[in-house]
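Geometric and topological summary
Residues per chain are reported as follows:
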Amino acid sequence: MSWWGKIFGGAFGFALGGPLGALLGAALGHRFDKGYERFMEEGATTQADVERIQSAFFTATFSVMGHLAKSDGRVSEAEIQLAQSVMAQMQLNAEQRQAAIHLFNQGKSDDFQLDEVLLQFKHECHRRKNLIQMFIEILIATILADGVAHQAERNKLHYIGKQLGFPPFIIDQLIKMVQAQQEFAYQQGRASKTPPQSTLKAAYQVLGVAENASDAEVKKAYRRLMNQHHPDKLVAKGLPEEMMKLATEKTQEIKNAYEQIKVVRNL
C-alpha cells in the first residue's frame, strides 16, 4: 500500500507533524500530531521512512508551487494550468487532486510559513540532494509556465534554493537546463519545421555542455544527469510514486538529446 493509501487506511506511523503536517492535515481534514521530531538518518531505507519523505515531498511541492506562483504579484492562468498539468501527469485520483489543489491554495495565502516549510522539508530529505533538486526543477517549470522567468520569481527561487543548500548560480544553471529541456521537447514535437542545427543546439543545452565540449565531457554530463533523474532511484529516496512519470519524462528528454548528439559525433 502506498503512503497515500496508508494515510486513508489509518496507518499514521510515518505521518508528519510540524508545518508540513499542518498543511497536509488541513488539506485532508486530519490532524497529524507526531513524527516531526524524528528526522531521517542518511541511508535509512525502511518503508516507513520512504513513505514519510513521500508525504513531505507531495505536501511541499504543491504548497510551495502555489507560493511561488504568486511571487510576481499574481497567479497567472498559465501557472494554474501548469499545476493542473503536473496533477494530470501524476494521474492523481479525485482525493489526491483535491488535496493538491488545497495545498496550492494554502501556498498562495499571505500567512504561508515558507521558511518553516522549507526547513522541515530539508530535514525530511536529509541530504538527498537529487531529490531536493527534483523538487526545485518542478518549481522552475512552474515559473516558466508563462514562458518567462520574471525577476521576482527568480529572486524567490534563489531564496528557496539557498534555504535548501543550492546557491544562486546553481539555481540559474537549473533554470537554463529546464528551459532547454522544454525548448528541445517543443522542437522535437515539430521536427519537420525546426532546422536540425537549432535542435542540436538545444540538445547540447539539455546536457548543460558547450557545443565544442569533448566527447568525454558530453558522456560525463549525460551519465550525471541520468543518475540524478533516474526514476527508480528517486522513488527509493522518497519521490512519491505518483511523480515517477515526471522523472521518467525528464530522463527520456535527456536520452533523446544525447542520442541526437551521438549521431552527429559518431559516438
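Residues numbered from 1 in each chain as written. Predicted model: local features only at pLDDT ≥ 70, side-chain atom pairs only at ≥ 80, totals over all residues. Heavy atoms only, no water.

**A look at the overall build of the protein**
Counting secondary structure elements, the protein contains 13 helices and 0 strands. Mapped in sequence order, the helices and strands of the protein form the string α-α-α-α-α-α-α-α-α-α-α-α-α. For the protein, the proportion of contacts with a sequence separation of at least 24, taken over those separated by at least 6, is 74%. A total accessible area of about 12400 Å² is found for the protein, and carbon and sulfur atoms account for 51% of it. (Helix = DSSP H or I, 4+ residues; strand = E, 2+ residues; numbered from the N terminus. Contact = heavy atoms within 4.5 Å. Areas by Shrake-Rupley, 256 points an atom, 1.4 Å probe, with all protein chains shown as cover.)

**Notes on the pattern of salt bridges**
Taken as a whole, this structure holds 6 salt bridges when the rule is applied. Asp215 is paired through a salt bridge with Arg265; the nearest N and O atoms lie 2.6 Å apart. Pair noted here: Asp215 is in helix H11 (residues 215-229) and Arg265 is in helix H13 (residues 244-265), with a separation of 50 residues, a long-range link. Residue class for Asp215 comes out partly exposed when judged on its relative accessible area of 34%. (Salt bridge = Lys/Arg side-chain N within 4 Å of Asp/Glu carboxyl O. Buried < 20%, exposed > 50% of the residue type's maximum accessible area, 1.4 Å probe, protein only.)

**A look at the packing of helix H2 (residues 18-28) against helix H6 (residues 114-125)**
In contact at an axis separation of 7 Å, H2 and H6 are set at 105 degrees when each is read in the N-to-C sense. What the angle tells us is that H2 and H6 run roughly perpendicular. Taken together, the residues of H6 that come into contact with H2 (itself represented by Gly18, Pro19, Leu20, Gly21 and Leu23) are Glu116, Val117, Gln120 and Phe121. Partitioning the contact of H2 with H6 into residue classes produces 5 nonpolar, 3 polar and 1 charged. (Axes fitted to C-alpha atoms, helices over the stretch in contact; angles between N-to-C directions. Parallel < 35°, antiparallel > 145°, perpendicular 65-115°, else oblique. Nonpolar A, V, L, I, M, F, W, Y, C, P; charged D, E, K, R; others polar.)

**What to know about the packing of aromatic side chains**
For any pair of aromatic rings, geometry is given as the distance between the ring centres together with the angle between the planes. Under the counting rule described, the total for this entry stands at 5 aromatic pairs. Measuring from centroid to centroid gives 5.8 Å for Phe57 and Phe121, while their planes differ by 65 degrees, and the two rings are edge-to-face. Note that Phe57 is positioned in helix H3 (residues 47-69) and Phe121 in helix H6, a separation of 64 residues in sequence. Each member of the pair, Phe57 as well as Phe121, carries the same accessibility label: buried. (Phe/Tyr/Trp six-rings, centres within 6.5 Å; stacked < 30°, edge-to-face > 60°.)

**Describing the layout of surface pockets**
Taken as a whole, the largest pocket holds about 420 Å³ of empty space. Listed by contribution, the elements that provide at least two residues to the lining of the largest pocket are helix H4 (77-89), helix H7 (129-143), helix H9 (168-189) and H13. Residues of the lining of the largest pocket, tallied by class, amount to 10 nonpolar, 4 polar and 4 charged. Roughly 270 Å³ of internal volume is contained in the second largest pocket. If you go around the second largest pocket, you meet 14 residues; those closest to its centre are Gln133, Gln173, Leu174, Arg224 and Gln228. Where the lining of the second largest pocket is concerned, the elements lending two or more residues are H7, H9, helix H10 (196-207) and H11. Among the elements that make up the lining of the second largest pocket, the one with the highest residue count is H9 (5 residues). Residue classes in the lining of the second largest pocket are distributed as 6 nonpolar, 5 polar and 3 charged. (1 Å grid on protein atoms, 1.4 Å probe; cavity = no way out; pocket = protein on both sides within 12 Å on 5 of 7 lines; lining within 4 Å. Points joined across faces, edges and corners; volume = space filled by probe spheres on them.)

**Some thoughts on the environment of Ala27**
Structurally, Ala27 is set in helix H2. Spatially, the C-alpha atoms of Ala27 and His102 are 5.5 Å apart, while their sequence positions differ by 75 residues. Those residues within four positions of Ala27 in sequence are excluded, and the remaining contacts are Ala99, His102, Leu103 and Gln106.

**Things to note about the side chain of Gln228**
Here Gln228 lies in helix H11. Of the polar contacts made by the side chain of Gln228, one reaches the side chain of Gln133; its length is 3.3 Å. Contact partners of Gln228, with chain neighbours within four places excluded, come to Asn130, Gln133 and Leu234. (Polar contact = N/O pair within 3.5 Å; in protein donor to acceptor, adjacent residues only side chain to side chain.)

**Quick look at the nonpolar core**
Grouped together as the largest cluster of nonpolar side chains are 77 residues, with contacts concentrated most on Phe62, Phe135 and Leu207. In terms of residues, this core owes the most to one element, H3, which gives 10 residues. If near-sequence neighbours (up to four positions away) are discounted, Leu207 is found in contact with Val218, Ala221, Tyr222, Arg224, Leu225, Ile254, Tyr258 and Ile261. (Core = buried A, V, L, I, M, F, W, Y, C linked by side-chain atoms within 4.5 Å.)

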